Amino acid sequence: MNFNEEKMGTEYIYSEFSITDPNYIENNAKYQFYSDSKARYRGSSTRDLAKKSYRVKLENTVDFGFLGMNCSKTWILDPLATDSSNLRTKIASDLWGNMNKDLEKEKYAELNSKYVEVYVNGKYKGLYLLKEVIDENLLKLNKESGVLIKGINWNLVNFKEIDNINEVAYGPFELKYPENQKKYSKSWENILKKLKQYYDGDISYKSINETFYIENLINYKIFLFILSANDNYEFKNIYYSIKD
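Nothing here was measured: the structure is a model prediction, and the numbers come from that model.

Parameters and conventions
Residues numbered from 1 in each chain as written. Predicted model: local features only at pLDDT ≥ 70, side-chain atom pairs only at ≥ 80, totals over all residues. Heavy atoms only, no water. Helix = DSSP H or I, 4+ residues; strand = E, 2+ residues; numbered from the N terminus. Rg over C-alpha atoms; globule rule 2.2 N^0.38 Å. Buried < 20%, exposed > 50% of the residue type's maximum accessible area, 1.4 Å probe, protein only. Contact = heavy atoms within 4.5 Å. Areas by Shrake-Rupley, 256 points an atom, 1.4 Å probe, with all protein chains shown as cover. Lys, Arg positive; Asp, Glu negative; His and termini not counted. Charge placed at Lys NZ, Arg CZ, Asp CG, Glu CD. 1 Å grid on protein atoms, 1.4 Å probe; cavity = no way out; pocket = protein on both sides within 12 Å on 5 of 7 lines; lining within 4 Å. Points joined across faces, edges and corners; volume = space filled by probe spheres on them. Nonpolar A, V, L, I, M, F, W, Y, C, P; charged D, E, K, R; others polar.

1. Things to note about the overall build of the protein chain
- Check the secondary structure of the protein chain and you find 4 helices and 11 strands.
- Its C-alpha atoms give the protein chain a radius of gyration of 19 Å, within 12% of the compact-globule value 18 Å for 244 residues.
- For the protein chain, the C-alpha atoms occupy an extent of roughly 55 × 40 × 35 Å along the three principal directions.
- Evaluated residue by residue, the protein chain yields a buried proportion of 41% over its 244 residues.
- Taking contacts inside the protein chain between residues at least 6 apart in sequence as the whole, the part at least 24 apart equals 54%.
- When the accessible surface of the protein chain is totalled, it reaches about 14,800 Å², and 47% of it is carbon and sulfur.
- When the 35 positive and 35 negative side-chain charges of the protein chain are each reduced to one mean point, those points stand 1 Å apart.

Pasting the structure below:
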């Protein structure tokens, strides 16, 4: 990637992105791809580390998947800065995929990642993990009625006041899709009413089954237990979506 390092921050700036795939034939891809792009730093406390994490949005049309992954215009470059083995993040990602591989495609979106070596402005930055992004395209959300939110903290949710929410963030959640709307209240109402059935009602098989794809939820709870992923309990780092 090429960009102005002095201007790089949490807001997107212009950048240039290119990727080379030595296995492009078997991946049904291109040997080399170039695109104008927008990039920004990602993460919170990890932004202070020397090896930065980036989120990249490509400007050019993409009609194939990089390195054998899904076709997308948005990518994450994970520096594995807190993973000295360079293995934990990749193993966890692959484990989650294997746990859900037998689910119906509509109940699980495959999330891939590949190791890459990164250069920024011609300088070698080391080994990174190129990761697909959880967004409306990966989840194949309906453009008119799809909703995607992400838990960004451990705050509680007041399910009694879920009408007329017109902010991008509410309680522990941030609205990821739809974006750039004049009003967000309908999207918030649709998804929070669904979650209310489970989190603010009688916890039963019926309420769980009416709220979630239950096989996916069970796998997620097992996944957290296996990894001791304490940072992901309650709402933090969890994505919820309504497909249509």
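2. Remarks on the layout of surface pockets
- For the second largest pocket, the calculated volume is near 410 Å³.
- Around the second largest pocket, the lining is made up of 20 residues, and of these Ser 18, Ile 19, Thr 20, Val 116 and Glu 117 lie nearest the centre.
- Where the lining of the second largest pocket is concerned, the elements lending two or more residues are β2 (13-20) and β6 (113-120).
- For the lining of the second largest pocket, the element with the highest residue contribution is β6, accounting for 6 residues.
- Residue classes in the lining of the second largest pocket are distributed as 11 nonpolar, 5 polar and 4 charged.

3. Quick notes on the side chain of Ser 113
- In this fold, Ser 113 is placed in strand β6.
- The contact partners of Ser 113, leaving out residues within four places of it in the chain, are Met 69, Lys 90, Ser 93, Leu 129, Leu 130 and Lys 131.

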